[in-house]
Amino acid sequence: MSARPWQKVNDFYAEMVQGRVSLSDLFRKETCAVHDDTEIIEDIHENDIDSAPAKDRTGRWARVTFKVLLSYHGGSFQGWQKQPGLNTVQGIIERSLGKFVDEKKTQLLNEKNLPIEGCVVVAGRTDKGVTAFQQVCSFYTWRKDVKPQDIKSTINDAAPGKINAISVTEVSREFHPNFSAKWRRYLYVFPFNDGKEAELSSQVEKDLNEHDYAFTLDNGLHDDKDQIEAGNKPTRFEVSKVNQLLSQLEGKLLSYKMFARDTKASRNVGPPTECFVFHARATEAILPCTQAGSETKIMCIELVANRFLRKMVRVLVATAVREAAAGAEEDALLKLMDATCRRATAPPSPPDGLCLVDVGYTDFDKKICFIS
């Protein structure tokens, strides 16, 4: 997959973060969330938990919590999570929020010879290269003089053009970006190679060169085409077939441990591996012209679930394309849930195409979806 025009996707996401384009431009229609001068007009999935905080709090309830809606370009960072020596979204934001830390915490950090930084909690950590359209995080302080606009301006000055604080609002202390969330939505943009694939409409011709993966009928994606007999290489897949495979996941609570990576496939302790998928669809679309060049034909995959495991979306995308190319039955992804080895599913697709669209705090409504 690495030979595909991922830079065009990267450029589109960069312009999206800067407010020049929106995800709705991919589908040529207005949607529930609209970029307008870096402001978001948010739809009805905002939660009642975001209502005005209680007055006259005392003790540990006196702290003020802020909800921050963020957009950032994945290609500019080494992921969300703060790590020593790496340029991460969390690291930049927490350093910028250091100026709002209360006096008691500042003194404590000084005594420990630690940098004066804020502490943010996020709805979901994104990997290196993954973009976010409306990521949600929160920050709290005991200072009473901090205003939402101050936080917004400070974050926007931290990495101009790469991180955009869309909105900052004061919320209830009970609000938690992760635990309060009822669903997350991801969009994966899969670019078709110029020329041949653009002429195939819903059929995508798969390049089988030494830099690309061959979609095969066995249990994996192979980057060495010599491993596969030439006569057995599926070279095309239909977007409609990918849509058919994914749609079978909707409305079911299933264990996605075979589609996860960097977690133990079999574990008796820790978070469960069951996820409930509300929406899983694929369609063809057009990547708008950017400063880099012309329009590009793409496949968009939209996934909404109550939770996602590590790299689950990227493995689902790669496996769905592989199974579509192989002409698998429509329940192929469901059957893979019962596999005993993760080699039965494909390696993760590149992170360049993945975008965390938004996070919901009320019941999911399909009306917000890009793909029906």
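Everything that follows concerns the structure shown earlier in this document.
Residues numbered from 1 in each chain as written. Predicted model: local features only at pLDDT ≥ 70, side-chain atom pairs only at ≥ 80, totals over all residues. Heavy atoms only, no water.

Q: Tell me about the packing of helix 5 (residues 239-247) against helix 6 (residues 312-325), and please be specific about residues and values.
A: At a minimum axis distance of 9 Å, the contact between helix 5 and helix 6 shows a crossing angle of 120°. The orientation of helix 5 relative to helix 6 falls into the category oblique. The way helix 5 lies across helix 6 gives a crossing that is right-handed. Where helix 5 approaches helix 6, its residues Lys241, Val242, Leu245 and Leu246 are matched on the opposing element by Ala320, Val321, Glu323 and Ala324. Here the contact of helix 5 with helix 6 is built from residues that sort into 6 nonpolar, no polar and 2 charged. (Axes fitted to C-alpha atoms, helices over the stretch in contact; angles between N-to-C directions. Helix = DSSP H or I, 4+ residues; strand = E, 2+ residues; numbered from the N terminus. Parallel < 35°, antiparallel > 145°, perpendicular 65-115°, else oblique. Left-handed = near helix turned anticlockwise from the far one by under 90°. Contact = heavy atoms within 4.5 Å. Nonpolar A, V, L, I, M, F, W, Y, C, P; charged D, E, K, R; others polar.)

Q: Report on the environment of Asn87, specifying residues and quantitative values.
A: If you trace the backbone, Asn87 turns up in the loop between strand 3 (64-72) and helix 2 (89-96). Sequence separation between Asn87 and Ser76 is 11 residues; the distance between their C-alpha atoms is 8.3 Å. Sequence-distant contacts of Asn87, that is, excluding residues within four places in its chain, are made with Ser76, Phe77, Gln78 and Ile92. There is a polar contact of 3.2 Å between the side chain of Asn87 and the backbone oxygen of Ser76. (Polar contact = N/O pair within 3.5 Å; in protein donor to acceptor, adjacent residues only side chain to side chain.)

Q: Hey, could you go over helix 1 (residues 6-17) for me, with residue numbers and the actual values?
A: With 12 residues, helix 1 should reach 16 Å at 1.5 Å per residue; the first-to-last C-alpha distance of 17 Å fits that figure. Counting buried positions along helix 1 gives 10 out of 12 residues, so the element sits mostly inside the fold. Within the sequence span of helix 1, burial applies to Trp6, Lys8, Val9, Asn10, Phe12, Tyr13, Ala14, Glu15, Met16 and Val17. Once helix 1 finishes, Gly19 follows within two positions and takes phi at roughly 85°, a positive value. (Expected span 1.5 Å × (residues − 1). Buried < 20%, exposed > 50% of the residue type's maximum accessible area, 1.4 Å probe, protein only.)

Q: I'd love a proper account of the nonpolar core, names of residues and values included.
A: Formed by 89 residues in total, the largest nonpolar core has its most connected members in Leu23 and Tyr256. With 9 residues, helix 6 is the single largest residue contributor to this core. Filtering out sequence-adjacent residues up to four positions away, Leu23 remains in contact with Phe12, Tyr13, Met16, Phe133, Leu187, Cys355, Val357 and Phe370. Counting 9 residues, the second largest nonpolar core, distinct from the first, contains Phe175, Ala181, Val359 and Tyr361. (Core = buried A, V, L, I, M, F, W, Y, C linked by side-chain atoms within 4.5 Å.)

Q: Run through the packing of aromatic side chains, naming residues and quoting values.
A: Under the counting rule described, the total for this entry stands at 14 aromatic pairs. With centroids separated by 6.0 Å and ring planes inclined at 55°, the aromatic side chains of Phe12 and Tyr13 adopt a geometry described as tilted. Considered together, Phe12 and Tyr13 belong to a single accessibility category, that of buried residues. Taking 6.1 Å as the distance between ring centres and 35° as the angle between the ring planes, the aromatic pair formed by Tyr72 and Trp80 counts as tilted. Take Tyr72 and Trp80: they sit in the same class, and that class is buried. Directly above the aromatic system of Tyr140 lies the positively charged group of Arg63, at a separation of 3.7 Å from the ring centroid. (Phe/Tyr/Trp six-rings, centres within 6.5 Å; stacked < 30°, edge-to-face > 60°. Lys NZ or Arg CZ within 6 Å of the ring centre and 35° of its normal.)

Keep in mind that these numbers describe shape and distance, not what the molecule does.
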